[in-house]
Amino acid sequence: MLAILHPDTQLDSDSYRQTMSFLEQLPGVAVKVHEVVGASQRLTEIYLLGDTKSLDKDEIEALPAVERVIRISDDYRILGRHRDDQRQSGFTYNGVEFSQHNLNVFAGLCAVDTPEHVEIMMRALSEQGQHCTRMGAYKPRTNPYSFQGHGKSCLPWVFETAGKHDIRVVAMEITHESHIEEIDECLEKLGRPTGVMLQVGTRNTQNFELLKAIGRQKTYPVLLKRGFGITLNESLNAAEYLASEGNANVVFCLRGMKTDAGQPHRNMVDFAHVPTVKRLTRMPVCIDPSHSVGSRDKAPDGIPDVMHATAQGVVAGANMVLVDFHPRPEKALVDGPQALLMDELPAYLEDVRECHQLWKKRQQLYRNTGEARANDHLWSSRSPG
């Protein structure tokens, strides 16, 4: 069961204290408090976990600080959609909105290599009016002898360059909880010129201790990639681990499934699950076409496979795109063969915008169809028999 308090309820108010005093005395029920900070208001959500079937919904709704009560299912208790749940989807971070209704593109370097390449990438994004990027400082690799990323040593010049070009959010994968502290200390020392979205890679989707550590901090939102060899349900429950520890600012990323059936692409593209994740949860949904396709190959129509895969996800309603670009892919230390070229960036961004507009038109098409059906039903119910 979920009790949603009146907007901007103060935690030191009498109404909050009275409400919590009642809830904490309910037998067999654990109480967890989550704060949701939106663009214009702060909401406090109180989750009642345990034997809640016998609880009187009306009695809890009558508590002084409570606005409404929702009975929730066992699946995805915090991030999931529930029958009478009208809560907002998404969040705002560092001036950038992440929701199930808009779209952000995170084009950038899969792995940070040189200050020159970071500068070229971020300057190009700024010239295109972009405020987000991906920059890998910590890189988990299958081969222990492969480049593992520059780590904390590159953070200062990455963050300073981001601030210089008004890049507000940098998606950065972490592989250990100590990386959170390294990122936080560096940003604080520099005066926080930019923001970071902590990325959980596909190999760490079921690293539950790492998920708990990331979930316990509320400063940075999280981009969680789907596990490459597990079910969608298992990956969504990994996101719930983050939320259950206190951080519900999570974006879920589809990045393709590891299977020989996906060849010649690197992975089997799973972007048909974009609307499925949006239906099951309130999370914004990201797609990673670069790691799905794994090459710069083009179809006979002259369009890169990566763009065709991107279009599939964006037309289906994706809210974020994570894509690899590089000034000199032949010099890239990680995944150079799949990185798109800088001169392809303007066309790529314009194509994404066109696909997003098509998604909006598709929405309106089916909304009009639904309204027409409802009107027909209303008219027939009023017609004399």
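As the structure is a prediction and not an experimental result, all values here were calculated from the model.

### A look at the overall build of the protein
Here's step 1: Within the protein, the regular secondary structure consists of eleven helices and 14 strands.
Here's step 2: Across its three principal directions, the C-alpha atoms of the protein cover 65 × 65 × 40 Å.
Here's step 3: The buried share of the protein, reckoned over its 385 residues, is 51%.
Here's step 4: Contacts in the protein between residues far apart in sequence, at least 24 positions, make up 71% of those at least 6 positions apart.
Here's step 5: Summed over its atoms, the accessible surface of the protein is roughly 17900 Å², and 49% of this surface lies on carbon and sulfur atoms.
Here's step 6: Where the 43 positive side-chain charges of the protein centre and where its 50 negative ones centre are 3 Å apart.

### With respect to helix H7 (residues 232-244)
At 3.6 residues per turn, the α-helix brings residues three or four places apart onto the same side.
Here's step 1: Its 13 residues give H7 an end-to-end C-alpha distance of 18 Å, which sits within 8% of 18 Å, the value for a rise of 1.5 Å per residue.
Here's step 2: Along H7, the residues classified as buried are Leu-232, Ser-235, Leu-236, Ala-238, Ala-239, Glu-240, Leu-242 and Ala-243.
Here's step 3: Downstream of H7 by one or two residues, Gly-246 has phi in the positive range, about 125°.

### So, unusual backbone geometry
Here's step 1: In this structure, the amide linkage connecting Gln-263 to the following residue, Pro-264, adopts the cis form with an omega of 15°.
Here's step 2: Counting through the fold element by element, Pro-264 comes out in the loop between strand S12 (250-254) and helix H8 (274-280).
Here's step 3: Residues other than glycine seldom take positive phi values, yet Asp-166 does so here, at roughly 60°.
Here's step 4: Given the relative accessible area of 37%, Asp-166 is considered partly exposed.
Here's step 5: Here Arg-192, not a glycine, exhibits a phi torsion of approximately 50°, which is positive.
Here's step 6: Take Arg-192: it is sitting in the loop between helix H5 (178-190) and strand S10 (195-200).

### Examining the packing of aromatic side chains
Here's step 1: Counted under the stated rule, the structure contains four aromatic pairs.
Here's step 2: Considering the side-chain rings of Phe-325 and Tyr-348, the 5.6 Å spacing of their centres and the 80° angle between planes classify their relative orientation as edge-to-face. Taken together, the residues span a long stretch of sequence, with Phe-325 in the loop between strand S14 (320-324) and helix H11 (345-382) and Tyr-348 in helix H11 at a distance of 23 residues. The pair Phe-325 / Tyr-348 is uniform in exposure class, with both members buried.
Here's step 3: Cluster of aromatic residues (ring-pair linked, three or more members): Phe-91, Phe-98 and Phe-106.
Here's step 4: We note Lys-258 situated over the ring of Phe-228; from NZ or CZ to the ring centre the distance is 6.0 Å.

### A look at empty space enclosed by the protein
Here's step 1: This structure, assessed with the given rule, holds one cavity of 30 Å³ or more.
Here's step 2: When its volume is computed, the largest cavity comes out at roughly 40 Å³.
Here's step 3: In this structure, the largest cavity is lined by Leu-109, Cys-110, Arg-134, Met-135, Gly-136, Lys-139, Ala-171, Met-172, Glu-173 and Gln-199.

### A short note on the side chain of His-356
Here's step 1: Relative to the helices and strands, His-356 resides in helix H11.
Here's step 2: If we skip the residues at most four places from it in the chain, His-356 touches His-101, Asn-102, Leu-103 and Val-314.

### Observations regarding the side chain of Thr-44
Here's step 1: As for its placement among the helices and strands, Thr-44 is situated in strand S3 (residues 42-50).
Here's step 2: A relative accessible area of 0% means that Thr-44 is categorised as buried.
Here's step 3: Setting aside anything within four residues of it in sequence, one finds Thr-44 in contact with Ala-3, Ile-4, Leu-5, Thr-9, Leu-11, Tyr-16, Val-33, His-34 and Glu-35.

### Some words on the packing of helix H6 (residues 208-216) against H7
Geometry of a packed helix pair, given as the angle between the helix axes and the separation of the axes.
Here's step 1: It is at 7 Å that the axes of H6 and H7 come closest, and there the two elements cross at 40°. What the angle tells us is that H6 and H7 run oblique. In this structure, H6 meets H7 at a crossing whose hand is right-handed. On H7, the residues that touch Phe-208, Leu-211, Lys-212, Ile-214 and Gly-215 of H6 are Ala-238, Tyr-241 and Leu-242.
Here's step 2: In terms of residue class, the contact of H6 with H7 is made up of six nonpolar, one polar and one charged.

Here is what the cut-offs are and how they apply
Residues numbered from 1 in each chain as written. Predicted model: local features only at pLDDT ≥ 70, side-chain atom pairs only at ≥ 80, totals over all residues. Heavy atoms only, no water. Helix = DSSP H or I, 4+ residues; strand = E, 2+ residues; numbered from the N terminus. Buried < 20%, exposed > 50% of the residue type's maximum accessible area, 1.4 Å probe, protein only. Contact = heavy atoms within 4.5 Å. Areas by Shrake-Rupley, 256 points an atom, 1.4 Å probe, with all protein chains shown as cover. Lys, Arg positive; Asp, Glu negative; His and termini not counted. Charge placed at Lys NZ, Arg CZ, Asp CG, Glu CD. Expected span 1.5 Å × (residues − 1). Phe/Tyr/Trp six-rings, centres within 6.5 Å; stacked < 30°, edge-to-face > 60°. Lys NZ or Arg CZ within 6 Å of the ring centre and 35° of its normal. 1 Å grid on protein atoms, 1.4 Å probe; cavity = no way out; pocket = protein on both sides within 12 Å on 5 of 7 lines; lining within 4 Å. Points joined across faces, edges and corners; volume = space filled by probe spheres on them. Axes fitted to C-alpha atoms, helices over the stretch in contact; angles between N-to-C directions. Parallel < 35°, antiparallel > 145°, perpendicular 65-115°, else oblique. Left-handed = near helix turned anticlockwise from the far one by under 90°. Nonpolar A, V, L, I, M, F, W, Y, C, P; charged D, E, K, R; others polar.

So far we have only geometry, and geometry alone does not tell us how the molecule works.
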